[in-house]
Amino acid sequence: MTANSVTPGEKWYRKDTDEVLTFLNTSVEGLSENEAASRLNKYGKNEIEKEEKTPAWLLLLGQFKSLLIIILIIAALVSAAIGQMVEAVAIIIIVILAGVLGFFQEYQAGKSLEALQKMAAPNTTVKRNGEKKIIAARDVVPGDIVILNTGDQVPADCRLLEEQNLKVNESSLTGESLPVNKRSGKIDSEETALGDRKNMIYMGTSLSFGRCTAIVVETGMNTEFGKIADLLRTSENRQTPLQKNLDELGKKIGIFAIVLAAVLSLLGILRGYQIIEMFVWGVALAVAVIPEALPAVVTISIALGVRRMVKRKALVRNLPAVETLGSTNIICSDKTGTLTQDEMTIRKIFNSMKTYEVFGSGYAPSGKFVLGNKRIEPDNYPDLKKMLECGVLCNDTSLLNEDDNWSIIGDPTEGAIVVAAEKGGIKVDDLKEKYPRVYEIPFSSETKRMTTVHQYDGKKLSCVKGAPEVILSSCDYYLEDGEEKELTDEIRRKILDEEDNLGEEALRVLAFAYKNLATEEITNELVEQGLVFAGLCGMIDPPRPEAREAIKKCEMAGIKPLMITGDHKVTAVAVARELGILKEGGAITGVELEKMSDEEIDEVTENTEVYARISPAHKLKIVRSLMKKGNIVTMTGDGVNDAPSLKNADIGVAMGIKGTDVSREASDMILTDDNFASIVSAIEEGRSIFENIKKYLIYLLSGNLGTVFAMIIALMSGLPLPLMAVQVLFINFLMDGLIAIALGVEPSEKGIMQRKPRDVNQGILNTSTLVYTIGAGVWIGVITIAIFIFALQQGMGEEKAVTIFFATLIFARLFNGLNCRSITEQAINMNILKNKALLFSSIFSILLTVAVIYIPVLNGPFHTVPLDFINWLLVIGYALTVLIFVEIGKVIQKKHFPMLVDQM
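Quick notes on the rules
Residues numbered from 1 in each chain as written. Predicted model: local features only at pLDDT ≥ 70, side-chain atom pairs only at ≥ 80, totals over all residues. Heavy atoms only, no water. Helix = DSSP H or I, 4+ residues; strand = E, 2+ residues; numbered from the N terminus. Buried < 20%, exposed > 50% of the residue type's maximum accessible area, 1.4 Å probe, protein only. Contact = heavy atoms within 4.5 Å. Areas by Shrake-Rupley, 256 points an atom, 1.4 Å probe, with all protein chains shown as cover. Phe/Tyr/Trp six-rings, centres within 6.5 Å; stacked < 30°, edge-to-face > 60°. Patch = residues over 30% accessible without salt bridge, like charges linked within 9 Å, V, L, I, M, F, W, Y side chains within 5 Å. Salt bridge = Lys/Arg side-chain N within 4 Å of Asp/Glu carboxyl O. Expected span 1.5 Å × (residues − 1). Pairing = 2+ DSSP bridges.

(A) The overall build of the chain, seen in detail. Counting secondary structure elements, the chain contains 32 helices and 28 strands. The buried share of the chain, reckoned over its 904 residues, is 54%. Residue pairs at least 24 apart in sequence account for 71% of intrachain contacts in the chain once pairs closer than 6 positions are excluded. Accessible surface, the chain as shown: approximately 38,900 Å² in total, 56% of it carbon and sulfur.

Right, here's the structure in full:
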């Protein structure tokens, strides 16, 4: 168990709130940091235990379960039994080294993925020492006071302390399809079903509506979800589509390798070689040809690529998404916070038929108000102060100051209002204390407004904020010079004209209204109708400088960025033009989209670059329309209702800062900085990962093809065997292990974002890559058998000729490794120091090769003899032609067959 229960089987729903607080030795101000740390140590992390990890020793043994490896071990034992002890020991040592290398790769990949899973853990807001604080949900402890709003995921099992219009989606726990109304009152019933415990909220469920404050009563495996998880502890690891495709390829190569090895071994026996010798040799050849390290390379490439994405502020939740990222050709992005800085600042206020300018930027509450080029004090303008107070009361965002570093907890739009009020001399905390909230109707994307009701001096005040057209439709009066005047059509038009003026300045416009309630009765209709219009505010969220550069990079990469926003069309168009998104295409609104049929939507999405005033339902239609046409679509979202479009898109991207837990759970990737540029960086890494896997495969297959080709020529020509079994295994260990893995971590190529997106329907080995692989493989085979024949003809002796063949094949494949760093770019243009893994692996491989050739004790097992200076000139000279041959091929292909280059 990850946590000990506070009291096993405790019926928290039967206790009143004071009793729960006392029982858990806490208060509404929350735990102290010291007490929270003590309880975390006592109860453990608030996590659901996963399936037990495979022990390291089992991982190591798993490296030797391959049928070919088992056969090879048997062959070594047979060799030992007939007296060939030296060769038997050499084979066993190489098999062990290969197994240890495979173990290290798999173990490190598992560690990488484990670290990433920890980073993906959600956050929650708690009270500690009386102050709000955002912590990782896994650090929540019994007795913590949590504060949750619409869209948040419940971090642990909690007893409600207070709630406002709370509805919770418990479908994942109880199967109840509709959100459940919750209340904080005590339940007296002795036995109450889980779904009827209205004063409890549970880990893994989410808030569909309203907000609440609750006390954590159970964490980790003692939550209701934990009890279920305890019954379902086994889970099967899913392979990504690419891994499945490569597994299929590996099986086909494996069958081919076994058949080939059997045929060549039989041919060797017919030519007079001993049966046991050809058996060992055939198994070694099959092991060399089969890319047994392929699954490990895929896992490592993806894991390391995902780690690089984390550094670039993109956290991948589902590994299959990495494969799809590189094929993305459309990004549907939110505007606020993703393309812009998400630090809303009020610039203009229209109030009492006057327009005020507000100065000061960011969340620091320092600035000034100006009316007609003259600085004014809001205290002297009651109408302006009334509007600001209305904005503060109808607000759930808090302003924080840590060492003069101002920030907010909550929505950036609401944060701008709070900051403007503080600039105007209003003490936000004092005002909220004077006007306590007694009722609220939370903001939703459907209603486009938020309403709160406050008690003061025995009276009630309703405050409303939202989209101007929505607020105006509920207003009968407007405030001017301290009077509540009738809102005529003429005044309504003036207000809407002013909204347009602010929008044309790329300002986001919000309207405020209020109503003094003369009755104790509170209904939604009463508090949202017959309102007094208090004013408009225009706020700006400037574009991110890095977003402009990212959009330029998208254009070069063949990716089309689209803006989908809930903002006014005028504002959206202005920002889109400034960023370079809106060029030749058009802009449409959700209202226009609503009137269209699916066929009409399919037509307009072809040429639309900006979608304004869009609801989550519209997002889903847009995504489906774009995907229907064969596009690979990446969609961003942050709200509860964005979940369907995030799930339907090829890649769903949630916001890590302003996103809700529901949107993050529905996503494939989370942006830890909510920045559009991070999406583009992730796409670049996705392309790089795929390219590295392809490079590994081309390198491996071309090298193995060269080896086999040379063997076939030797056997068919009646030549001696150019490689012994132990030499084949040694080369396999160096090339298929060290060098191939190093190619799997090659940094992104410079021009990778200047290529068109990859066609997902196209296999990893298409016509172009097959031509490259076969060409390089055949040439390796030709030059190695040529130097072998030359050595025999020069009377160097069979042992020296075998050693020269052995050394030439190793160096040819090392040079081919340099070729494969890029399938299109010249090796001379690529800095070897940028892939230190390849550099060090190559040096290590050369040192081991030299050791095998020159250390006397190794000469016997590896059938080698020392080479002189002339021999080495021949070896390097012949091997170097592989680099030259392939590089010339790249030049010819670029010049005469550019279409093939585009396909690679």
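(B) The arrangement of the packing of aromatic side chains in detail. By the definition in use, this model includes eight aromatic pairs. Relative to tyrosine 381, the ring of tyrosine 356 has its centre 5.9 Å away and its plane inclined at 85°; by these criteria the two rings are edge-to-face. Taken together, the residues span a long stretch of sequence, with tyrosine 356 in strand S11 (residues 354–359) and tyrosine 381 in the loop between strand S13 (374–376) and helix H12 (382–393) at a distance of 25 residues. By relative accessible area, tyrosine 356 is classed as buried at 1%. A relative accessible area of 26% places tyrosine 381 in the partly exposed class. Taking 5.4 Å as the distance between ring centres and 75° as the angle between the ring planes, the aromatic pair formed by phenylalanine 730 and phenylalanine 862 counts as edge-to-face. Of this pair, phenylalanine 730 sits in helix H26 (residues 725–743) while phenylalanine 862 sits in helix H30 (residues 856–862), and the two are 132 residues apart along the sequence. Take phenylalanine 730: its relative accessible area is 5%, and that puts it in the buried class. Judged by relative accessible area, which is 8%, phenylalanine 862 ranks as buried.

(C) Spatial organisation of a nonpolar patch on the surface. Residues Leu705, Phe709, Leu770, Ile774, Val778 and Val782 make up a contiguous nonpolar surface patch of roughly 410 Å² in combined accessible area. Sort the elements by how many residues they give to the nonpolar patch and helix H27 (residues 767–793) lands first, with four residues. If you trace the backbone, valine 782 turns up in helix H27.

(D) Focus on helix H29 (residues 836–854). Between the first and last C-alpha of H29 there are 27 Å, a value that for 19 residues agrees with the 27 Å anticipated at 1.5 Å per step. Among all positions of H29, only Leu838, Ser841, Ser842, Ser845, Thr849, Ala851, Val852 and Ile853 are buried.

(E) How the structure looks around the pairing of strand S18 (residues 459–466). In terms of burial, S18 is a largely internal element, seven of the eight residues being buried. If you look at the hairpin formed by strand S17 (residues 449–456) and S18, you'll find two residues sitting between the two strands, and aspartate 457 has a positive phi there, around 45°. Alignment of S18 against strand S21 (residues 508–517), held across seven bridges, turns out to be antiparallel. Across the sheet, the residue bridging to leucine 461 is asparagine 516, located in S21.

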